[in-house]
Amino acid sequence: MSGQFTGWPEQAMDVLLQLQGEPDHATRERCRADRERLVRQPMIALLNAVADTDSRYEDFSVWHYRTDSWWWQHQSAVIRLGRKIEIGLRFSLDGLRIQGAWWYPDPGQVDMFRGAVASEGSGRELVAIVEDVRKKGYDVSGDVMKRPPRGYPADHSRTDLLRHRSLIAARHLGCEEWLHTPEAVDRVLSAAADLDALLMWLVRHVKRAA
């Protein structure tokens, strides 16, 4: 199943149904092989297909199961585009979800972000990008301070963005028949294109701290 992506088999949903709630150890072990074959391996194949279309998407990871039952019920993966800047995918009974995120920043990255937000050129650019992403149906969130950071006026025109210590744009792509077909690749690529301007702004302006 880790070869060419053909979609998640419909049986993948049956496996995830068995893992709802707080499945005991015996249930997890009984489902382990089917989950690997029907849920995780298709995610690997999907990301290989996405990487084949754009070399920027070649650095990806597909998570294993861990101890918490949540990780058995949700198949997560990331495509790394920069330091702490990534596209995240999640497959579950709710379907497929995507997000573009800069989060868990390195020391110094938040200061770089704020400096770029405060600068007229890059700051206005980010405002326009965030507005466009919202219009396309993405929820924009992050770790946001209650007050403006020190060193910036409380009435700054971009104070809402200055209060961010991370920035995430996310939406559900759906749970329709296309999930079980190769069309899922096109859906992910289309969503990645929606997020491209935001993620590339972050790559340019939120570099790894020295």
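Here's a quick rundown of the structure.

What counts, and where the lines are drawn
- Residues numbered from 1 in each chain as written.
- Predicted model: local features only at pLDDT ≥ 70, side-chain atom pairs only at ≥ 80, totals over all residues.
- Heavy atoms only, no water.
- Pairing = 2+ DSSP bridges.
- Helix = DSSP H or I, 4+ residues; strand = E, 2+ residues; numbered from the N terminus.
- Axes fitted to C-alpha atoms, helices over the stretch in contact; angles between N-to-C directions.
- Contact = heavy atoms within 4.5 Å.
- Buried < 20%, exposed > 50% of the residue type's maximum accessible area, 1.4 Å probe, protein only.
- Phe/Tyr/Trp six-rings, centres within 6.5 Å; stacked < 30°, edge-to-face > 60°.
- Expected span 1.5 Å × (residues − 1).
- Bend = angle between axes of the 7 residues up to and from the residue.
- Salt bridge = Lys/Arg side-chain N within 4 Å of Asp/Glu carboxyl O.
- Parallel < 35°, antiparallel > 145°, perpendicular 65-115°, else oblique.
- Left-handed = near helix turned anticlockwise from the far one by under 90°.
- Nonpolar A, V, L, I, M, F, W, Y, C, P; charged D, E, K, R; others polar.

## What about the sheet that holds strand β6 (residues 167–174)?
Strand order across the open sheet formed by six strands is β1-β2-β3-β4-β6-β5, with antiparallel pairing between neighbours. The open sheet has two edge strands with one neighbour each: β1 (60–62) and β5 (139–141). Going from strand to strand, the sheet's axes swing by 15 degrees on average, the running direction of each strand aside. In terms of strand pairing, β5 meets β6 through three bridges, oriented antiparallel. Following the sheet pairing, Val140 is matched in β6 by Ala169. Each of β2 (75–82), β3 (85–92), β4 (95–102) and β6 touches helix α7 (residues 183–205); the most contacted strand, β4, lies at about 10 degrees to it.

## A short note on the pairing of β6
Successive residues of a regular strand alternate their side chains across the two faces of the sheet. With six of eight residues buried, β6 is to be regarded as a mostly interior element. Two elements, β4 and β6, share seven bridges in a ladder whose sense is antiparallel. Each bridged residue has a counterpart across the sheet, and for Trp102 the counterpart in β6 is Leu167.

## Description of the packing of aromatic side chains
Under the criterion given, the structure shown has seven aromatic pairs. Centroid distance Phe5 to Trp8: 5.7 Å. Interplanar angle 80 degrees. Geometry classified as edge-to-face. For the pair Phe5 and Trp8, one class covers both residues: buried. Look at Trp8 and Phe91: their rings are 4.2 Å apart centre to centre, the planes differ by 0 degrees, and that puts the pair in the stacked class. Highlighted residues: Trp8 in the segment before α1 (11–18) and Phe91 in strand β3, separated in sequence by 83 residues.

## Concerning the environment of Pro105
Looking at where Pro105 falls in the secondary structure, it is placed in the loop between β4 and α4 (109–118). Those residues in contact with Pro105 that lie beyond four places of it in its chain are Lys84, Val110 and Arg165.

## Some details on α7
In this model α7 runs 33 Å from its N-terminal to its C-terminal C-alpha over 23 residues, within 8% of the 33 Å that 1.5 Å per residue would give. Largest kink in α7: about 50 degrees, centred on Leu195. Burial in α7 covers these residues: Ala184, Val185, Val188, Ala191, Ala192, Asp194, Leu195, Leu198, Leu199, Met200, Trp201 and Leu202.

## Focus: the pattern of salt bridges
Here the structure, examined in full by the defined rule, presents 17 salt bridges. The salt bridge partner of Lys84 is Asp106, with a shortest N-O separation of 3.2 Å. In this pair, Lys84 is assigned in the loop between β2 and β3 and Asp106 in the loop between β4 and α4, connecting sequence segments 22 residues apart. Here Asp106 falls in the buried class, since its relative accessible area comes to 13%. We note a salt bridge from Lys136 to Asp132, for which the minimum N-O separation is 3.1 Å. We classify Lys136 as partly exposed; its relative accessible area is 37%. Since its relative accessible area comes to 35%, Asp132 is described here as partly exposed.

## Notes on the packing of α1 against helix α2 (residues 25–53)
Interaxial distance between α1 and α2 falls to 9 Å at its minimum, and their mutual angle equals 155 degrees. Considering the angle they form, α1 stands roughly antiparallel to α2. In the packing of α1 onto α2, the handedness of the crossing is left-handed. Only Thr27, Arg30, Cys31, Asp34, Arg35, Leu38 and Val39 of α2 make contact with α1, whose side of the interface consists of Gln11, Ala12, Val15, Leu16 and Gln18. When its residues are assigned to classes, the contact of α1 with α2 shows six nonpolar, three polar and three charged.

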